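Coordinate inspection notes
Chain residues, written in single-letter form:
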Amino acid sequence: MLRIHFTDGDLARVHLALEPDPVWETLLGLHQLTAPRRGLPVFAPWRRNARRLAEDHLTGPVRMLSALAPASAGYWPDFLTPGASADGLEAALEALHATPRVQLRQEMNRLADTHPLPRWAHSLARGERHVMEEVATAFRLVHRTIIAPDWTGMAGTTEADRALRTRVLLDRGVHGLLDSFRPLMDWRPPVLHVRYPQDRDLHLGGRGVRLIPSHFCWKTPIALAEPSLPQVLAYPVAHPPAWAPAVTRDRRPEALVTLLGRTRARVLAALDATASTGELAQRLNISASSASEHIAALREVNLAHSQRAGAQVIHTLTPLGTALLRGELPPHPPAI
C-alpha cells in the first residue's frame, strides 16, 4: 500500500495531465511488449504489431530501455520520467541530458541492486554523455515506431478518463476527485491509500501532485521512487472493448462492412489512428495504391481527411468518420 499524505497546500496543487505523457507511455508500453501479462486482451493486437516492428527495427533500443526500466524489477530510475515530460518528448529528453550526476549515480546504483546491468549502463552511471545520447535516441525511436502510430487511440482512452475526472472536480471539488478513484485508490482525508506493490508513505509537503491518466499502466498506479522530487502519480484508465484499430478490424460490425465493403470498412477502422498511406497499407497488408484508392473514396464522402506533412501525406478520420465508426451518428431529424 502507498499512502500519500496531503496538506491543504497539496490539495490546492492537485492537477490532471492535459494529455498522455510520452515518456510514461513509452516505458509502460515497453512493459506490455516485453513482459506481457495474461488477461490483457485489450493490448493483444497492438502487441502483435509492436513486436513485429520491434524485431525489424528496434532490437537495440528496446533492449536499452528495457535494461533501464525492466518490467520485472519493480523499480526504474526517476531520471527517466522527468517532470518536463508534461511539455512533450523533446522537453523530457532535454531534462534527461541535464540530470545531475549525483542523481544519476545514486539511481543507477539502486537499479544495479535489483538486477545485473550491462556494461554500458555503468558508463551511464558515470555520466558519460555519449551513452545518455544513446538513451535519448532509443526513446525517440521506440516512441516514434510503436507508440506514436496509435497515439490518437491512446489519447482517446486517456481523454475519456480526464473528462470524467474534470466533471467530478467541477461538481464535487478536489475531495470528490480523489474519492472518484475507488476502488483503485481509497481517499480517507488527508491520506490517499493506493494499491501498490510496496508498503510506503509519501508526504507531499505542499508540492501537490500531477495525476497522469495512462493508457499502458495496468492494475496499480505508479509514483516516483524519490520522495523529494516533484510528485506524479500515473494511473490506469478504463479501455473500451474496441480500443485499438486492430481490435475494431477484428470485430468490425457487419453493418459497416455491408455499407462500405470489407476492405474499405477495414481502412475506415484503421484510420482511427492517424497514418500515412504506407503505414496504412502495412497495417492492413494491402498495396499502397489500394490504400490510396480507398482513402480517396472515404475522403470524397467526408469520412477521412488528408494533409501533407513534409514528404508524407497523413490521413485521419473526420468527426463524421469517427461517429460512423463508433456508431455515434445522431438520429436524422424528422421531415417537416
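Our structure is the block above this text.
The rules behind each value
- Residues numbered from 1 in each chain as written.
- Predicted model: local features only at pLDDT ≥ 70, side-chain atom pairs only at ≥ 80, totals over all residues.
- Heavy atoms only, no water.
- Pairing = 2+ DSSP bridges.
- Helix = DSSP H or I, 4+ residues; strand = E, 2+ residues; numbered from the N terminus.
- Axes fitted to C-alpha atoms, helices over the stretch in contact; angles between N-to-C directions.
- Expected span 1.5 Å × (residues − 1).
- Buried < 20%, exposed > 50% of the residue type's maximum accessible area, 1.4 Å probe, protein only.
- Arc of directions from axis to C-beta.
- Phe/Tyr/Trp six-rings, centres within 6.5 Å; stacked < 30°, edge-to-face > 60°.
- Contact = heavy atoms within 4.5 Å.

1. Here we look at the sheet that holds strand β5 (residues 200-203)
With mixed pairing, the four strands of this open sheet are ordered in space as β3-β4-β1-β5. Each edge of the sheet is formed by a strand with only one pairing partner; in this case those strands are β3 (185-188) and β5. Adjacent strand axes in the sheet meet at a mean angle of 20°, parallel and antiparallel pairs treated alike. The pairing of β3 with strand β4 (residues 191-194) spans four bridges and is antiparallel. In the strand pairing of β4, aspartate 186 is matched with histidine 193.

2. Things to note about helix α14 (residues 288-300)
Quick reminder: α-helices carry 3.6 residues per turn. Residues three or four places apart thus point the same way. End to end, α14 covers 18 Å across 13 residues, agreeing with the expected 18 Å (1.5 Å per residue, within 8%). Listed as buried for α14 are Ser290, Ala291, His294, Ile295 and Leu298. Seen from one end, α14 has its buried residues packed into an arc of 130°, which puts them on one side. Residues of α14 that are exposed and point more than 90 degrees away from the buried face comprise Ser289, Glu293 and Glu300.

3. Topic: the packing of aromatic side chains
Under the criterion given, the structure shown has six aromatic pairs. Between the aromatic rings of phenylalanine 6 and tryptophan 187, the centroid separation amounts to 5.4 Å while the plane-to-plane angle is 80°, which identifies the pairing as edge-to-face. Of this pair, phenylalanine 6 sits in the loop between β1 (2-5) and α1 (8-11) while tryptophan 187 sits in strand β3, and the two are 181 residues apart along the sequence. This pair shows no difference in class: phenylalanine 6 is buried, exactly as tryptophan 187 is. Here tryptophan 46 and phenylalanine 216 contribute two aromatic rings whose centre-to-centre distance is 4.6 Å and whose plane-to-plane angle is 50°, an arrangement assigned as tilted. Residue tryptophan 46 is located in helix α3 (residues 44-57), and its partner phenylalanine 216 is located in the loop between β6 (209-214) and β7 (222-223); the two are separated by 170 residues in the primary sequence. Classification of tryptophan 46 as buried rests on a relative accessible area of 3%. Put simply, the rings of Phe43, Trp46, Phe216 and Trp218 touch in pairs and so form one group of aromatic residues.

4. Some thoughts on the sheet that holds β6
Ordered by their spatial adjacency, four strands build an open sheet running β2-β6-β8-β7, and the pairing between neighbours is mixed. Strand pairing shows two members of the sheet lacking a second neighbour, β2 (14-16) and β7, which therefore form its edges. Here three bridges tie β2 to β6, and the two strands are oriented parallel to one another. Within β6, the residue paired with histidine 15 across the bridge is arginine 210. Each of β6, β7 and β8 (231-236) is contacted by helix α2 (residues 22-34), which is oriented at about 50° to β6, the strand it contacts most.

The values are spatial; any link to function lies outside them.
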